[in-house]
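# Coordinates in review
Here is what each chain is made of, one letter per residue.
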Amino acid sequence: MKVKEIIITTLIVILVIVLFALNFVANKLVLRADNIYKVYLDGNVVGYVANDEELYNIINNRQKEIKDRYEVANVYPPEGFKIIKTSSYNVPISSAEEIYNKVAEQSSFTIEGYIIKIKGEEETIINVLNRNDFDEAVHNFVLAFLSAEEYNNYINNTQSKIETTGKIIEMMYFDETITIKKGYISINNKIYTDKTELSQVLLFGFDYKTEIYTVEAGDTIVSVSEKNKLNPQEFLIANPRFTSKESLLKIGDKVNVTLIDPIITFSYEVEEVSDTEIPFEKKTVTDTTKPYGYSEITTMGVTGVTRITTEYLVKNGETQPGARILDQVPITEKVDQVTTVGPRYNSSGQYIDTGTEWQWPTNQPCVVTSEWGYRWGAFHEGIDISGTGYGSPIYAAADGEVVNAQYGGFIGDVSGYNVVIKHDNGYYTVYAHMAPNTITVKYGERVSRGQIIGGMGHSGLAYGTHVHFGVTYGMPYGGGYTVNPRSLWK
């Protein structure tokens, strides 16, 4: 063999050996890279491990306290935890124990549960361990506002048809969008595991503090409600064992007087047929042939009755303004009471006040959706009257002088377009939420009982067409005190 051939053969052998060696090293490096896992927490690299399963097992097995507290079998890595298989090499490899300690120092672990998002004007998040607990809590929440019979009849489509009077629920819904998703929840977040506690939270709010009142001699549901700035309906919602505001209380009973502050809004639409009274008016006529001081009822008043079909909306137990009267059938016609009196001036020419009666401020029939008294922790200084239609007339309840006729004014913009009348007997009446461009009187004008002063609307802070009718003795919001408008007709 020639020297040249020997050299070539030797070079070929060397090249083969080198390629084999390089291939061996490359395979070793690739094999090592395939077994490397990069660990992230909240986007930051925590380190590298050779075995991801070992790290997951350590995380799960070290959390006995969490497992015992929530009665779960598994605990999972924190939110923002991620492991990615990487092809990197020549990086320091940490043990699973070392990475676990770093993760435990920086964040909290998670358990599997359900994340409920309640989206209304704002978004609220509730975490529960078991989906059934939330479902039962919502069911209990609904039954705070409806009887079980009403709810079941609606769900099962077994509501009785209205024959004479009665009501049916046409639709139920929650105003908010509620989504439920299974996921991993940090143990640093509140996780509800008790459906009773969750029911209370839905009804009273996250930060509620239960207020308990001990019943004393002479207490009624109405009086206890007033003492604690509730209305009777709110009391019944917080104490479902009582069925009506006439239910009897026992001395020493413990009752819940916590103000409800619901997290969700349960709404239902109602069609109701009911008989409503049409009060007779009291009119006075003067007979100049009678002596001064003479007074006799010459026509007895008869209260009328009209059967009306109304449609209205209830939100969390409160009937909303804006009820609509769909139909009305007179049952008994009203007869106005007439009192005949002698001359209104005495022999000295002095005017005699015969005690002019008050007039109802709207057409009849109508619907009172909210009474005078406490409502959601604030005092409602009037009654809300609706059902007569947008733009329908509003009347002066008695003779007097107009002291406000504009949008807002001294009674505030929340009242929208409003009229305030000062009466000769020291009373003031307030007519709020009128429709724009319907006020027919002006400041300083003298008005008569029954005169049209504006039209019904929903201006200002108002839901639905209605008039807020308020009465004060003395200037409203200026030293006077509020009076129940119902008392004017008693």
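Quantities reported herein were computed from a predicted structural model and do not represent experimental measurements. (Residues numbered from 1 in each chain as written. Predicted model: local features only at pLDDT ≥ 70, side-chain atom pairs only at ≥ 80, totals over all residues. Heavy atoms only, no water.)

## Points about the packing of aromatic side chains
To describe a pair of aromatic rings, one takes the distance between the centres and the angle between the planes. This is how the line gets drawn: What counts as a ring pair is set by centres within 6.5 Å for rings of Phe, Tyr and Trp (its six-membered ring), and what kind of pair is set by the plane angle: stacked under 30 degrees, edge-to-face over 60, tilted for all other angles. Helical segments are the DSSP runs of H or I of at least four residues, strand segments are the runs of E of at least two, and each set is numbered from the N terminus. Throughout, exposure labels follow a simple rule: accessible area from a 1.4 Å probe, protein chains only, divided by the maximum for the residue type, with under 20% read as buried, over 50% as exposed, and the rest as partly exposed. Here, a charge over a ring is recorded when the distance from Lys NZ or Arg CZ to the ring centre is within 6 Å and its angle to the ring normal is within 35 degrees.
For the structure on display, the rule yields 17 aromatic pairs. Look at W360 and W489: their rings are 5.0 Å apart centre to centre, the planes differ by 50 degrees, and that puts the pair in the tilted class. You can see W360 sitting in the loop between β17 (337–341) and β18 (367–370) and its partner W489 sitting in the segment after β29 (481–483), a full 129 residues away along the chain. We classify W360 as buried; its relative accessible area is 14%. Seen in terms of ring centroids, Y407 and Y417 are 4.9 Å apart; in terms of plane orientation they differ by 85 degrees. Their pairing is edge-to-face. Residue Y407 is located in strand β23 (residues 400–407), and its partner Y417 is located in strand β24 (residues 417–422); the two are separated by 10 residues in the primary sequence. Overall, the relative accessible area of 38% leaves Y407 in the partly exposed class. An aromatic cluster is built from W358, Y427, Y473 and Y481, whose rings are joined through pairwise contacts. Its end group placed over the ring of Y100, R62 keeps NZ or CZ at 5.3 Å from the ring centre. Across from the ring centre of Y294, 5.1 Å away, lies the NZ or CZ of K290, which sits over that ring.

## Observations regarding the nonpolar core
The condition that has to hold: Among buried residues, those of type Ala, Val, Leu, Ile, Met, Phe, Trp, Tyr and Cys that are joined through side-chain atoms within 4.5 Å constitute a nonpolar core. Note on contacts: a residue pair qualifies if any of its non-hydrogen atoms lie within 4.5 Å across the two residues.
Ranked by size, the top nonpolar core spans 35 residues in total, and within it I126, F145, L203, F266 and Y268 carry the most contacts. Apart from the residues lying within four places of it in its own chain, the contact partners of I126 are Y114, I115, I116, I118, Y192, L198, L202 and F206. Counting residues in hydrophobic clusters, the runner-up holds 24 residues, among them V46, L55, V72 and I99.

## Some thoughts on helix α4 (residues 96–106)
For clarity, the threshold we go by: Within this analysis, the arc is defined by the directions that extend from the helix axis to the C-beta atoms.
Listed in full, the buried residues belonging to α4 are A96, I99, Y100 and V103. All buried residues of α4 lie within an arc of 105 degrees about the axis, which places them on one face of the element. Summarising the contacts, the buried residues of α4 are in contact with β1 (36–41), β2 (44–49), α2 (52–61) and β3 (81–86).

## Quick look at the pairing of strand β25 (residues 427–434)
It is a general feature of regular strands that their side chains alternate between the two faces of the sheet. We apply this condition: Following DSSP output, two strands are said to pair if at least two bridges run between them.
In terms of burial, β25 is a largely internal element, 7 of the 8 residues being buried. Judged from the 5 bridges that link them, β24 and β25 form a sheet pairing that is antiparallel. What sits directly across from V419, in β25, is Y431. Counting the residues in the hairpin turn of β24 and β25 gives 4 residues, including G426, whose phi is positive at 95 degrees. As paired elements, β25 and strand β28 (residues 467–473) share 6 bridges and run antiparallel to each other. Bridge pairing links A432 to H468 in β28.

## Regarding the sheet that holds strand β5 (residues 123–128)
If you trace the 4 strands from one edge of the open sheet to the other, you get β7-β4-β5-β8, paired in mixed fashion. Each of the sheet's edge strands pairs with one partner strand only, and the pair in question is β7 (177–186) and β8 (191–192). Relative to β8, β5 runs parallel, the two sharing 2 bridges. Bridge assignment links N127 to a residue of β8, and that residue is I191.

## Considerations on the pattern of salt bridges
Between side chains of opposite charge, a pair can form as their charged atoms come close. Keep this limit in mind: By salt bridge we mean one thing: a side-chain nitrogen of Lys or Arg within 4 Å of a carboxyl oxygen of Asp or Glu.
Enumeration over the complete set of coordinates arrives at 18 salt bridges. Two residues, R62 and E97, come together in a salt bridge whose shortest N-O distance is 2.5 Å. Taken as a pair, R62 in the loop between α2 and α3 (64–70) and E97 in helix α4 lie far apart in primary sequence, 35 residues in all. A salt bridge links E311 to R324, with the nearest nitrogen and oxygen atoms 2.4 Å apart. Pair noted here: E311 is in strand β14 (residues 304–315) and R324 is in strand β16 (residues 324–332), with a separation of 13 residues, a long-range link. Through salt bridges with shared partners, a single ionic network connects K283, K334 and D336.

## With respect to the sheet that holds strand β12 (residues 282–286)
Rules: The axes are straight lines fitted to the C-alpha atoms, using for helices just the contacting stretch, and the angles between their N-to-C directions are given from 0 to 180°.
Ordered in space as β12-β17-β13, the 3 strands form an open sheet in which the pairing is mixed. Because the sheet does not close on itself, it has two edges, and the strands there are β12 and β13 (295–299). Direction aside, neighbouring strands of the sheet carry axes that sit 30 degrees apart on average. Pairing analysis gives 5 bridges linking β12 to β17, with the strands arranged parallel. The residue bridging T286 from the neighbouring strand is V341, located in β17.

## Considerations on the environment of F204
One can find F204 in helix α7 (residues 195–204). F204 gets classed as buried once you look at its relative accessible area, which sits at 5%. Separated by 121 residues in sequence, F204 and I83 have C-alpha atoms that sit 42 Å apart. Those residues in contact with F204 that lie beyond four places of it in its chain are A238, N256, T258, L259, I260 and D261.

## Let's talk about the pairing of strand β4 (residues 110–119)
Summarising the sheet, β4 and β7 pair through 10 bridges and their orientation is antiparallel. By the bridge assignment for β7, I118 is matched with I178. Sheet topology note: the β4/β5 ladder contains 6 bridges and is antiparallel. Paired with I118 across the two strands is T124, which belongs to β5. Linkage of β4 to β5, two consecutive antiparallel strands, is achieved through a turn of 3 residues.

## Focus on unusual backbone geometry
Residue P365 is bonded to the preceding Q364 through a cis peptide linkage, with omega at 0 degrees. On the secondary structure map, P365 appears in the loop between β17 and β18. Phi at W376 is positive, roughly 55 degrees, even though this residue is not glycine. Residue position: W376 is located in the loop between β19 (373–375) and β20 (378–380). Classification of W376 as partly exposed rests on a relative accessible area of 30%.

So, to be careful, I would describe these as geometric facts and stop short of saying anything about function.
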